[in-house]
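Structural overview
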Amino acid sequence: LTISQVNELNYEEFIDLFGNVVEHCSICAAAVWRFRPFRDVYHLHQEICSFVDLLPDTGKEGVLRLHPDLAGRLAELGSLTQESSAEQKAAGLDTMTPEEKQLLKDTNAKYRDKFGFPFVICARQNKKEAILKGIVERLEHSAAEELNIGIEEVKKICMLRLLNIVPDK
Ligand SMILES: NC(=O)NC1=NC(=O)NC1=O
């Protein structure tokens with residue numbers, strides 16, 4: 001899709017197309033429709049990021065809580081969204097050893113218990129080794145730090161999902 005085609009969409013089509021660029025947060029797309037015409041895909045991304053940045057902390061925590069765990073229950077059940085499924089595969093999370101899987105599961109649980117929201121990282125920019133290293137390191141941070149780091153990762157995931165829909169050719 002080109003950005004001029006995006007600018008021609010009505011808001012139902014726009015929300016349908018971009019409703020999952022932030023996982024399970026179609027409100028992000030619904031909210032930014034008013035800013036069209038978008039100059040390019042980066043302008044669209046920037047408006048989504050601004051919307052997310054302006055959320056109160058409870059809203060940001062909510063955005064993170066809508067993310068599925070990496071190689072978690074939903075992945076095992078095969079019930080990830082197609083975007084998440086592709087991203088988790090790209091990181092090689094489907095080729096983890098049982099020990100790696102158990103380490104990620106245990107650390108995900110510790111992370112959730114400590115922060116009250118899940119560990120979120122852009123899986124397409126981190127292979128499984130970086131993910132396993134990242135979650136152990138980030139577990140030592142404060143909730144405030146991790147809220148911000150998680151949201152920055154959501155923005156990266158969003159950028160890549162947007163580029164899948166509106167290629168920057
Ligand atoms: N908890 C997560 O980080 N989940 C995810 N990161 C991605 O890049 N895709 C996901 O599903």
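Data block above holds the structure.
Summary of the structure given here.

Parameters at a glance
- Residues numbered from 1 in each chain as written.
- Predicted model: local features only at pLDDT ≥ 70, side-chain atom pairs only at ≥ 80, totals over all residues.
- Heavy atoms only, no water.
- Salt bridge = Lys/Arg side-chain N within 4 Å of Asp/Glu carboxyl O.
- Helix = DSSP H or I, 4+ residues; strand = E, 2+ residues; numbered from the N terminus.
- Buried < 20%, exposed > 50% of the residue type's maximum accessible area, 1.4 Å probe, protein only.
- Near = heavy atom within 4 Å.
- Polar contact = N/O pair within 3.5 Å; in protein donor to acceptor, adjacent residues only side chain to side chain.
- Areas by Shrake-Rupley, 256 points an atom, 1.4 Å probe, with all protein chains shown as cover.
- 1 Å grid on protein atoms, 1.4 Å probe; cavity = no way out; pocket = protein on both sides within 12 Å on 5 of 7 lines; lining within 4 Å.
- Sits in = over half its atoms within 2 Å of the grid points.
- Nonpolar A, V, L, I, M, F, W, Y, C, P; charged D, E, K, R; others polar.
- Points joined across faces, edges and corners; volume = space filled by probe spheres on them.

Comments concerning the pattern of salt bridges
In the structure shown here, the tally under the stated rule is twelve salt bridges. In this structure, Glu23 and Arg161 form a salt bridge, with 2.7 Å as the shortest nitrogen-oxygen distance. Of this pair, Glu23 sits in the loop between helix 2 (11–18) and helix 3 (26–32) while Arg161 sits in helix 10 (residues 143–165), and the two are 138 residues apart along the sequence. Given a relative accessible area of 2%, Glu23 falls into the buried group. In the salt-bridge network here, residues are joined through shared partners; they are Glu23, Glu87 and Arg161.

Quick look at the site of the ligand
Around the ligand, the neighbouring residues are Pro68, Leu70, Ser84, Glu87, Gln88, Phe119, Val120, Ile121, Cys122, Ala123 and Ile157. At a separation of 2.9 Å, an oxygen atom of the ligand approaches a polar side-chain atom of Ser84. Gln88 is positioned with one of its side-chain polar atoms (N or O) 3.2 Å from an oxygen atom of the ligand. Burial of the ligand by the protein amounts to 100% of the accessible area it has alone, namely 290 Å². Its atoms largely coinciding with the cavity grid, the ligand occupies the largest cavity. Element by element, the count of residues in the shell around the ligand is highest for helix 7 (residues 82–90), at three residues. For the shell around the ligand, the residue count by class is eight nonpolar, two polar and one charged.

What about empty space enclosed by the protein?
Scanning the model with the defined rule gives two cavities of 30 Å³ or more in all. Looking at the largest cavity, its volume works out to about 140 Å³. Contributions of two or more residues to the lining of the largest cavity are made by helix 7 and helix 10. For the lining of the largest cavity, the residue count by class is eight nonpolar, three polar and three charged. Computed from the structure, the second largest cavity encloses a volume of approximately 30 Å³. Lining the second largest cavity we find Val22, Ile48, Cys49, Val52, Val154, Lys155 and Cys158. Of all the elements in the fold, those that place two or more residues in the lining of the second largest cavity are helix 4 (41–53) and helix 10. A class-by-class count of the residues in the lining of the second largest cavity yields six nonpolar, no polar and one charged.

Some remarks on unusual backbone geometry
In the segment running from Arg36 into Pro37, the intervening peptide bond is cis, with an omega of 5°. If you trace the backbone, Pro37 turns up in the loop between helix 3 and helix 4. Its identity as a non-glycine residue notwithstanding, His24 has a phi of 60°, on the positive side. In this fold, His24 is placed in the loop between helix 2 and helix 3. One non-glycine residue, Ala71, adopts positive backbone phi at about 55°. Inspection of the secondary structure assignment puts Ala71 in the loop between helix 5 (57–65) and helix 6 (73–77). Owing to a relative accessible area of 11%, Ala71 belongs among the buried residues under this scheme.

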